[in-house]
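Examining the three-dimensional arrangement
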Amino acid sequence: MTGMLVDRVRSRLLSTGGDATPGRVAAALRDEGLVLGDDAVLDLVRLLRQELVGLGPLEPLVLDPTTTDVLVNAPDAVWVDRGRGLERVDVRLGTEADVRRLAQRLAATAGRRLDDAAPHVDAQLPGGVRFHAVLAPVAVDSTVISLRVPSRQALTLEAMVQRGTMDDETAALLRDMVRARLAFLVSGGTGSGKTTLLSALLGAVPHTDRIVVVEDSTELAPAHPHVVRLQSRLANVEGSGAVSSRDLVRQALRMRPDRLIVGEVRGAEVVDLLAAMNTGHEGGAGTVHANAAEDVPARLEALGLMAGLDRPALHALLGAGVDAVMHLGRRPTGQRVLTGLHLLEPGEGGVVHTVPALQRCGDELIRGTAFAELRHRIDRP
């Protein structure tokens with residue numbers, strides 16, 4: 001089935017409006033002077049629906065259960081990550097205009113604006129796929145599209161052990177930390193597996209606990225029977241209706257949480273999260289972008305300063321409310337691994353720093369100077 005035929009039928013359907021039903025596609029074919037068999041018409045319907053209401057040629061990539069990311073750099077430059085690092089795939093999206101139309105249609109599906117006046121967008125598509133796009137000429141060579149595909153099955157710690165993220169002994173230690181209600185942050189770069197690890201750890205929370213999760217984009221899906229999920233919302237085109245993560249953290253505190261979780265700490269909500277961790281809400285957790293576990297205090301300090309919290313106050317809250325940082329990294333092969341587990345300890349002048357309890361050395365996680373203290377915090381009454 002040629003691309004020219006698809007283009008001609010698509011143009012007719014767009015000019016008359018309505019869905020790409022088999023009857024309308026057959027009528028458009030007759031208008032083009034063509035007659036196809038039932039199977040060919042149904043194939044054409046599938047292709048047109050992908051282009052008019054779905055992800056177009058990207059849809060098979062997104063539906064692949066191993067896919068984590070789909071990246072479009074140009075009409076003929078599409079990359080996919082199936083857990084082994086980025087691979088270029090033989091998928092073509094037509095012209096730059098086709099890529100632009102796809103990006104704008106996906107933005108509209110998410111209820112967002114994408115045009116020359118608002119040339120970039122970050123949104124969540126129906127079904128949970130995280131969508132980001134930047135239009136040309138802001139994206140110099142071509143409109144670029146990035147799709148983050150959520151895991152369709154919540155991974156357990158056992159599954160992460162099988163994938164080589166950690167060993168059995170470390171998984172048991174992390175499970176003990178969760179059950180002992182230690183507060184922790186999961187750090188790492190984009191795509192390092194922070195959300196996956198946090199979701200797996202929440203699955204180890206006792207089923208008698210109520211978990212309230214605050215996220216910008218719903219990604220956490222813990223295997224737990226009592227989870228309440230809250231999602232922030234941007235302002236509409238009139239500039240109203242915004243609900244920030246900080247607003248939702250405050251609301252969550254009124255919802256009788258046993259565990260308060262912030263999917264990603266990236267702004268002023270750090271103040272409310274740290275405050276909550278210091279007001280009897282034990283066992284809280286979140287994720288944060290950082291280059292290393294050692295950099296997490298400085299990262300939180302920068303976020304706190306932007307929210308109006310001075311350095312001494314932030315370090316006081318951090319040292320009293322958060323026990324540990326787990327850091328994840330990606331190997332050149334694409335494998336995600338736990339690179340370290342650090343305790344947070346107040347140092348000179350009350351400034352919090354990290355002390356390693358576990359450190360990765362090749363394929364092994366070896367005990368650091370803070371391991372005994374971590375074990376003490378887990379085992380204390």
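Up top you'll find the structure we're talking about.
These numbers were taken from a predicted model, which means no experiment stands behind them.

The buried fraction of strand β2 (residues 77–81) amounts to four of the five residues, a majority that puts the element mostly inside the structure. Strand direction decides the pairing type here: strand β1 (residues 69–74) and β2, joined by five bridges, are antiparallel. Bridging across to β2, Ala74 finds its partner in Ala77. Hairpin connection from β1 to β2: two residues lie between these consecutive antiparallel strands.

In this section: the packing of helix α9 (residues 245–252) against helix α10 (residues 269–277). Relative orientation and spacing of two packed helices are given, respectively, by the angle between their axes and the distance between those axes. Direction vectors running N to C along α9 and α10 enclose 20°, while the axes themselves pass 8 Å from each other. Between α9 and α10, the crossing angle belongs to the class labelled roughly parallel. Crossing of α9 against α10: the hand is left-handed. Of the residues in α10, those touching α9 at Ser245, Arg246, Val249 and Arg250 are Glu269, Val271, Asp272 and Leu273.

Under the defined criterion, the tally for this structure stands at 27 salt bridges. Close ionic contact of Asp176 with Arg375 constitutes a salt bridge, the shortest N to O distance being 3.2 Å. Of the two residues, Asp176 sits in helix α7 (residues 168–179) while Arg375 sits in helix α13 (residues 371–379), which places them 199 residues apart along the sequence. With a relative accessible area of 27%, Arg375 lands in the partly exposed category. A salt bridge links Arg250 to Asp272; its shortest N-O distance comes to 3.3 Å. Within this pair, whereas Arg250 is found in helix α9, its partner Asp272 is found in helix α10, the two being separated by 22 residues in sequence. Here Asp272 falls in the buried class, since its relative accessible area comes to 10%. Where salt bridges share partners, they join Asp64, Arg82, Arg84 and Glu87 into one cluster.

Let's shift gears to the sheet that holds strand β5 (residues 130–134). Picture the strands of a sheet paired through backbone hydrogen bonds; they go either parallel or antiparallel. Taken in spatial order, the six strands of this open sheet run β3-β2-β1-β6-β5-β4, and their pairing is antiparallel. In the strand order of this sheet, the two ends are held by β3 (86–89) and β4 (120–124), each with one partner. Strand-to-strand twist of the sheet, defined as the mean angle between neighbouring strand axes without regard to direction, takes the value 15°. In this fold helix α5 (residues 96–109) packs onto β1, β4, β5 and β6 (144–148), with an angle of close to 135° to the strand it touches most, β5.

Strand order in the open sheet formed by nine strands is β9-β8-β10-β11-β7-β12-β13-β14-β15, with mixed pairing between adjacent strands. This sheet does not close on itself; its edge strands, each paired only once, are β9 (227–231) and β15 (364–367). Taking each pair of neighbouring strands and ignoring which way they run, the sheet shows an average axis angle of 25°. Alignment of strand β8 (residues 211–215) against strand β10 (residues 259–262), held across four bridges, turns out to be parallel.

Rules used in this analysis
Residues numbered from 1 in each chain as written. Predicted model: local features only at pLDDT ≥ 70, side-chain atom pairs only at ≥ 80, totals over all residues. Heavy atoms only, no water. Buried < 20%, exposed > 50% of the residue type's maximum accessible area, 1.4 Å probe, protein only. Helix = DSSP H or I, 4+ residues; strand = E, 2+ residues; numbered from the N terminus. Pairing = 2+ DSSP bridges. Axes fitted to C-alpha atoms, helices over the stretch in contact; angles between N-to-C directions. Parallel < 35°, antiparallel > 145°, perpendicular 65-115°, else oblique. Left-handed = near helix turned anticlockwise from the far one by under 90°. Contact = heavy atoms within 4.5 Å. Salt bridge = Lys/Arg side-chain N within 4 Å of Asp/Glu carboxyl O.

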